[in-house]
Amino acid sequence: MTHPIAGALARRTVLGTALAGLAAPPVLRAQSPSVKLGILTDMSSVYADYAGIGSVEAARLAAVDSGLGDRVQIVSADHQNKPDVGSNTARSWYDSQGVDAIFDCPTGSVALAVNTVAGQSRKLCIFSTAIIDRLTEEDCNGYGLSWTWDIYSVARSSVQLQMKRGLDTWFIIHQDYASGHALAATARETLQVAGGKVVGQVAHPLGTTDFSAFLLQAQASRAKFVMFTAGGSDLINALKQVREFGLVQRGQQIGTMFTVITDVHGIGLEALQGLNFVTAFYWDRDEQTRAWARRFFAVRQKQPTMFQAGVYSAVLQYLNAVKATGSTKAEDVRAHLRDHPFEDVFARNARLLPNGRMVHDMLTARIKTPAEQRHPWDYYEILGVVPGAEAFRTLEQSQCRKPF
């Protein structure tokens, strides 16, 4: 039986070939319209360093690079990690303030709420920081696009990375909300398939400062590997307390499902050296990333996170699609993104699938030792590239039943 997304993709390919000669010539396209974009993010809580004002500045850089200049208006708001605040802001932006598309939107619960509003308003929301798979799986609606990563790509790549190191028994400490539970479940499933085992698991509240009870459970489990799925200030607090409890000295390896450069900057190489992890972007990867990062650093005095780079990419490609189609209509922009593979400073070998998932190369990396550091923010050694086709779900695996 042909999967509904794969079948839709095949039909569009045939139709697109048949109609290629009928496309409207460029001279018939109107001047690129004015565009109003909303950056809905966490300005004041655990993910403020991951996204926050840095996401706004990344969007501004993309507007400049798009060539549309003052035809692009950018507004921003803090959703406070509250689904009702996020959904109410999105509805107001879409329905009464003329916002054409929303970007970023950290925290799985907020992203799911905003995704619903985007579908109802028939306008795009392109998620950069949210990791929750449901946006492009069972809750897909054609208007929520996931850009930077997802649970499947991170958990699958992380398990493969640690199994290669012989770390086949895990204790998982995860956040007590949608993304944390989903990350833990996907890691457990992937680990079992790979021949490993989760020997213990515990959830912690978002924003907790005391990890002692969780660390004692991890210590008692005798797991070879203790995995944290948290990010932001939660992760910083957890890893600082790991040192106090001496888990590493007792022979347990500590890891994160992912690592964000602002966390490394906050904790320091001394505590994190040698950590292997998966990431979607690194500012010092090549000359292209370094050139863009210099511009970002000049504004923020920080190197960009993978999420802020993802916002830049999403806004840039959205605006390129607006220019190409002469339209801000969600369906027109979405179709252009789907039908035209692209590359930029963030996205390599990238394409948008009909379930709303942007597929691109992922990176495996290691945190350097203090002795290996050559200059400020020189924190990662890139170990390899995971092609997008291997990192992300295939169309045949997708649960999305509303392809576009």
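Thresholds, definitions, all that
Residues numbered from 1 in each chain as written. Predicted model: local features only at pLDDT ≥ 70, side-chain atom pairs only at ≥ 80, totals over all residues. Heavy atoms only, no water. UniProt positions renumbered as here; feature names shortened; annotations may be inferred. Helix = DSSP H or I, 4+ residues; strand = E, 2+ residues; numbered from the N terminus. Pairing = 2+ DSSP bridges. Axes fitted to C-alpha atoms, helices over the stretch in contact; angles between N-to-C directions. Contact = heavy atoms within 4.5 Å. Core = buried A, V, L, I, M, F, W, Y, C linked by side-chain atoms within 4.5 Å. Buried < 20%, exposed > 50% of the residue type's maximum accessible area, 1.4 Å probe, protein only. Domains from an automatic or database assignment.

## Quick look at the UniProt feature "domain: Leucine-binding protein" (unreviewed entry) in the protein
- Here, UniProt's "domain: Leucine-binding protein" (unreviewed entry) annotation points to residues 34-368.
- Helix makes up 45% of residues 34-368 and strand 19%, whereas the separation of the span's terminal C-alpha atoms amounts to 45 Å.

## Re the sheet that holds strand 13 (residues 362-367)
- On the basis of which strands lie adjacent, the open sheet formed by 3 strands has the order 10-13-14 and antiparallel pairing. A single partner strand is all that each edge strand has here, and the edge strands are strand 10 (276-279) and strand 14 (380-386). Mean inter-strand twist for the sheet, computed between neighbouring axes without regard to direction, equals 30°.
- As paired strands, strand 10 and strand 13 are joined by 4 bridges and run antiparallel to one another. Looking at strand 13, one finds that Thr279 is bridged to Leu363.

## Notes on the sheet that holds strand 6 (residues 169-175)
- Ordered by their spatial adjacency, 4 strands build an open sheet running 7-6-8-9, and the pairing between neighbours is parallel. Here the strands that pair on one side only, and so sit at the sheet edges, are strand 7 (197-204) and strand 9 (253-256). Between one strand and the next, the sheet's axes are offset by a mean angle of 20°, whatever the strand orientation.
- Looking at chain direction, strand 6 and strand 8 (residues 225-228) are connected through 4 bridges and run parallel. Bridge pairing in strand 8 places Ile172 opposite Met227.
- Its contacts with the sheet place helix 7 (residues 212-221) against strand 6, strand 7 and strand 8, and it is angled at close to 170° to strand 6.

## Considerations on the nonpolar core
- By size, the foremost hydrophobic cluster in this structure holds 129 residues, and its most contacted members are Phe228 and Tyr318.
- It is helix 12 (residues 306-325) that provides the largest number of residues to this core, a total of 12 residues.
- Domain assignment of the residues forming this core places at least three in each of domain 1 (35-149 + 285-360) and domain 2 (152-279 + 363-388).

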